[in-house]
Amino acid sequence: MTSNSGMAKLIGVAALVTMLIGSFVGLFVVSPDRLQGDVQRLMYVHVPAAWLAFLAFFIVFLMSVLYLIQRDLKWDRVAHASAEIGVVFTVLTLALGSMWGKPTWGVWWTWDPRLTTTAIMLAIYVGYLAIRSFADDPDKRARWAAIVGIIGFANVPIVYLSVIWWRTLHQPPSSPRSVSPEILWTLLFNVLAFTLVYVYLMMRRIRLAKVEGELEQRVAYNG
């Protein structure tokens, strides 16, 4: 049977290969957008990063609920790992969005509803990570974080629906029928690549969190 470490390595290799292929196709193979030109190629990274941020924060929500029900710290470790990765993806989403916005909107940043709610989402989950440092007791820390992880997730659907609810510079979600097949399949391939990156980082971070937890228990026992 393949060990968890071996599986993580396989997923890591798959993530690297798919990222390289997806980036090459997005940058050099797919035709540029008729209106936006080459800057539209940022979509192949910007959109997958945003979708995986949503997924990461949904996992935080789900694991937080499971922790409060079962009081098992393994769920907290998963939630913590997913929150860290989700924050990275959100920062990447905002950075790439600014790079895309400058040539299309004429500004690096504007208080557009989608951008504003995404910035709020980032602040919520940075706060989620920060609150974990306020308690030394693992159960208390996990309980406080779980409450923030559950309540904070309410902002995630607001981010997604912001371009539908309000008039906004940011374009609304596109229907698969409204884009060419080459754009759609390149985008989906890059979503797969980012998903593999997420899974790989999760496996590594959860393993590290387990070791950290064991060391914390030893220090508490010896102290």
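Residues numbered from 1 in each chain as written. Predicted model: local features only at pLDDT ≥ 70, side-chain atom pairs only at ≥ 80, totals over all residues. Heavy atoms only, no water.

**Section: the packing of aromatic side chains**
At step 1: Counting across every chain of the model gives 9 aromatic pairs.
At step 2: For the pair F24 and F28, a centre-to-centre distance of 5.5 Å together with 45° between the ring planes defines the contact as tilted. Note that F24 and F28 are positioned in helix 1 (residues 4-29) at a spacing of 4 residues, about one turn of the helix.
At step 3: Between W165 and W166, the ring centres sit 5.8 Å apart and the planes meet at 90°, which makes this aromatic pair edge-to-face.
At step 4: Since its relative accessible area comes to 41%, W166 is described here as partly exposed.
At step 5: Taken together through their ring pairs, the aromatic side chains of F57, Y125 and Y128 make up a single cluster. (Phe/Tyr/Trp six-rings, centres within 6.5 Å; stacked < 30°, edge-to-face > 60°. Helix = DSSP H or I, 4+ residues; strand = E, 2+ residues; numbered from the N terminus. Buried < 20%, exposed > 50% of the residue type's maximum accessible area, 1.4 Å probe, protein only.)

**Quick notes on a nonpolar patch on the surface**
At step 1: Together, F24, L27, F28 and V29 make up a nonpolar patch on the protein surface, roughly 440 Å² of accessible area in all.
At step 2: Tracing the sequence through the fold places V29 in helix 1. (Patch = residues over 30% accessible without salt bridge, like charges linked within 9 Å, V, L, I, M, F, W, Y side chains within 5 Å. Areas by Shrake-Rupley, 256 points an atom, 1.4 Å probe, with all protein chains shown as cover. Salt bridge = Lys/Arg side-chain N within 4 Å of Asp/Glu carboxyl O.)

**Quick notes on the packing of helix 4 (residues 113-131) against helix 6 (residues 155-165)**
At step 1: Contact geometry for helix 4 and helix 6: axes closest at 8 Å, N-to-C directions at 165°. When the axis of helix 4 is compared with that of helix 6, the two are roughly antiparallel. Judged by the twist between their axes, the crossing of helix 4 over helix 6 is left-handed. Of the residues in helix 6, those touching helix 4 at P113, R114, T117, T118, I120, M121, I124 and Y125 are N155, V156, I158, V159, Y160, S162 and V163. (Axes fitted to C-alpha atoms, helices over the stretch in contact; angles between N-to-C directions. Parallel < 35°, antiparallel > 145°, perpendicular 65-115°, else oblique. Left-handed = near helix turned anticlockwise from the far one by under 90°. Contact = heavy atoms within 4.5 Å.)

**Let's talk about the confidence of the model for the protein chain**
At step 1: Per-chain confidence: the protein chain averages 90 in pLDDT, with 94% of residues scoring 70 or above.
At step 2: Mean pLDDT across the elements of the protein chain ranges from a minimum in helix 7 (residues 181-222), with 87, to a maximum in helix 2 (residues 43-70), with 97. (pLDDT = per-residue confidence, 0-100.)

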